[in-house]
Amino acid sequence: MSDDAPPPPPPPQPLRGVCGLVNLGNTCYMNSVIQIVRAFPEWAAIYTDQSLIDRIKESPTGPAMPLAASVTHAFIELTQSMWACKSAMVCRPLAFYQKIQEAVRGTIYEDFGRPLPHDGHEYMTYLLDQAHEGMAAPTVTDSPNDASPATKAWADIWARGHSPISEATFGLDRVVCRCNACGHESVRWEHFNMLKVPIPGPGQTLADVIATERAPLLIAEYKCDKCGPGSTTLTREFHRLPPNLIVVFDRFTETRQKIHTAVAYDGSPISFTPHFAADADHRSRTWIYEPLATLDHMGNHFGGHYACTVRNFVEDSWWQYDDMRATSVRGPDFGATTYIIVFRRQSSGD
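All values reported here derive from a predicted model rather than from experimental measurement.

Chemist: Residues and numbers for the packing of aromatic side chains, please.
Modeler: Applying the stated criterion to the full structure yields 22 aromatic pairs. When the ring of Tyr109 is compared with that of Phe112, the centres are 6.1 Å apart and the planes differ by 10 degrees; the resulting orientation is stacked. For Tyr109, a relative accessible area of 34% gives the class partly exposed. For Phe112, a relative accessible area of 6% gives the class buried. A network of ring pairs unites the aromatic residues Phe192, Phe238, Tyr265, Phe272, Phe276, Trp287, Tyr289, Phe334 and Phe343 as a single cluster. The ring of Trp83 carries the charged tip of Arg38 above its face, separated from the ring centre by 4.7 Å.

Chemist: Let's hear about the pattern of salt bridges: which residues, and what values?
Modeler: Oppositely charged side chains are able to pair whenever their charged atoms sit close together. Applying the stated criterion across every chain yields a total of 16 salt bridges. Among the ionic pairs, Asp250 bridges to Lys196, the shortest N-O distance being 3.8 Å. With a gap of 54 residues between them, Asp250 in the loop between β8 (244-249) and β9 (270-271) and Lys196 in strand β5 (residues 195-197) connect regions that are remote in the sequence. Here Asp250 falls in the partly exposed class, since its relative accessible area comes to 31%. The class of Lys196 is partly exposed, set by a relative accessible area of 45%. Salt-bridge contacts for Arg214 lead to Glu213; the nearest nitrogen and oxygen are separated by 2.6 Å. Its relative accessible area of 8% is what places Arg214 among the buried residues. Members of the salt-bridge network, linked through shared partners, are Asp173, Arg188, Glu190, Glu213, Arg214 and Arg236.

Chemist: Before we move on, can you summarise the pairing of β8 with the specific residues and values?
Modeler: Of all 6 residues in β8, 6 are buried; the element is thus mostly enclosed. The two faces of β8 match: Asn244, Ile246 and Val248 on one face and Leu245, Val247 and Phe249 on the other face are all buried. Pairing of β5 with β8 involves 3 bridges; the strand directions are parallel. Across the sheet, the residue bridging to Lys196 is Val248, located in β8. In this sheet, strand β14 (residues 338-345) lies alongside β8 in antiparallel orientation, the contact comprising 5 bridges. Residue pairing for β14: Leu245 is matched across the bridge by Phe343.

Chemist: Quick rundown of helix α4 (residues 66-83)? Include the residues and the values.
Modeler: Taking 1.5 Å per residue, 18 residues should reach 26 Å; α4 reaches 26 Å between its end C-alpha atoms and fits that length. Burial runs high along α4: 13 of the 18 residues are buried.

Chemist: For the sheet that holds strand β6 (residues 217-224), give the residues involved together with the corresponding values.
Modeler: The strand order across the open sheet formed by 4 strands is β4-β3-β7-β6, and the pairing between neighbours is antiparallel. The strands lining the two open edges of the sheet, one partner per strand, are β4 (185-192) and β6. Each adjacent strand pair in this sheet contributes to an overall mean axis angle of 35 degrees, direction not counted. Bridge analysis of strand β3 (residues 171-179) against strand β7 (residues 228-240) gives 8 bridges, and the strand direction is antiparallel. Each bridged residue has a counterpart across the sheet, and for Arg174 the counterpart in β7 is Glu237.

Chemist: Tell me about the packing of α4 against helix α5 (residues 94-104), and please be specific about residues and values.
Modeler: With their axes 9 Å apart at the nearest point, α4 and α5 run at an angle of 170 degrees to one another. Here α4 lies roughly antiparallel to α5, going by the angle between them. Residues Leu67, Ser70, Val71, Ala74, Phe75 and Leu78 of α4 lie in contact with α5, whose contacting residues are Phe96, Lys99, Ile100, Glu102 and Ala103. Residues of the contact of α4 with α5, tallied by class, amount to 8 nonpolar, 1 polar and 2 charged.

Reading the values: the criteria
Residues numbered from 1 in each chain as written. Predicted model: local features only at pLDDT ≥ 70, side-chain atom pairs only at ≥ 80, totals over all residues. Heavy atoms only, no water. Phe/Tyr/Trp six-rings, centres within 6.5 Å; stacked < 30°, edge-to-face > 60°. Buried < 20%, exposed > 50% of the residue type's maximum accessible area, 1.4 Å probe, protein only. Lys NZ or Arg CZ within 6 Å of the ring centre and 35° of its normal. Salt bridge = Lys/Arg side-chain N within 4 Å of Asp/Glu carboxyl O. Helix = DSSP H or I, 4+ residues; strand = E, 2+ residues; numbered from the N terminus. Pairing = 2+ DSSP bridges. Expected span 1.5 Å × (residues − 1). Axes fitted to C-alpha atoms, helices over the stretch in contact; angles between N-to-C directions. Parallel < 35°, antiparallel > 145°, perpendicular 65-115°, else oblique. Contact = heavy atoms within 4.5 Å. Nonpolar A, V, L, I, M, F, W, Y, C, P; charged D, E, K, R; others polar.

The quantities given are spatial measurements derived from coordinates; they are silent on function.
Structure, rendered in structure tokens:
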């Protein structure tokens, strides 16, 4: 070989986990949600934990329902196959879909087993609930005597069943209703795994709509425990956020009309610290978040198509998935089709 000859091209690099999914008939919503959920770094710990897999497969414990365990195990097997890919591949999620059909039969979710268009937000809620139920096990509820009210509330919420999904996707709100007449306050604790925010108005940014969602709410018709009928001001404050925070834009009205306004966001890191309660002591108070995935809906309220963009945390690269098609991209685009953004806390966070 001549000394002037160019060096041979480098061998192709492996593309671990780059895997499209076959559309089984109006299942673009399902395929996109699968891609997003498997992008959670915690999911890698779940599908490689053989003791957890054996428990799910053989004898679900606690409140875990057999059908939820069956769906969860099928989802684990599907994502194991997808992450085992060393080059761009395509999987057919038929076995998983059949488990879904079996699980939803005779329930309010029965339509998820039919080849019909469905809402991606509703399906993500269902899949995460199934994964939680399928892995849940009873947990010790005793909290130290000096534990904060938020810590005690968190323990009580998961007393009947705690799972890796609880830690990966759920947060905790303190909700206070303050009587506008006498000042009496009633307090309750609520857990959530999705933050639903309004569509931005003219000139509004993502930070603006989150502030709107967190703003105090005046309730005109309220019965105070102390002074009777009147009005109250309701406030919600974070006491705990998950490492994966799912933000859903309220794109569909009560009559299912779609709002096509663009989301004004450039993908820069974001802090939710301003919306924490002053006495919140959970470490997530100081976390900084950045996008991990987006779910996009193209079309209108009569129907349309779903696709997603996700960060492959193994390859540290971004991929857009449109059913079978996987395309390398620089990052997600935010605009009129953005329906859900999943934020991930930065690894440098506490």
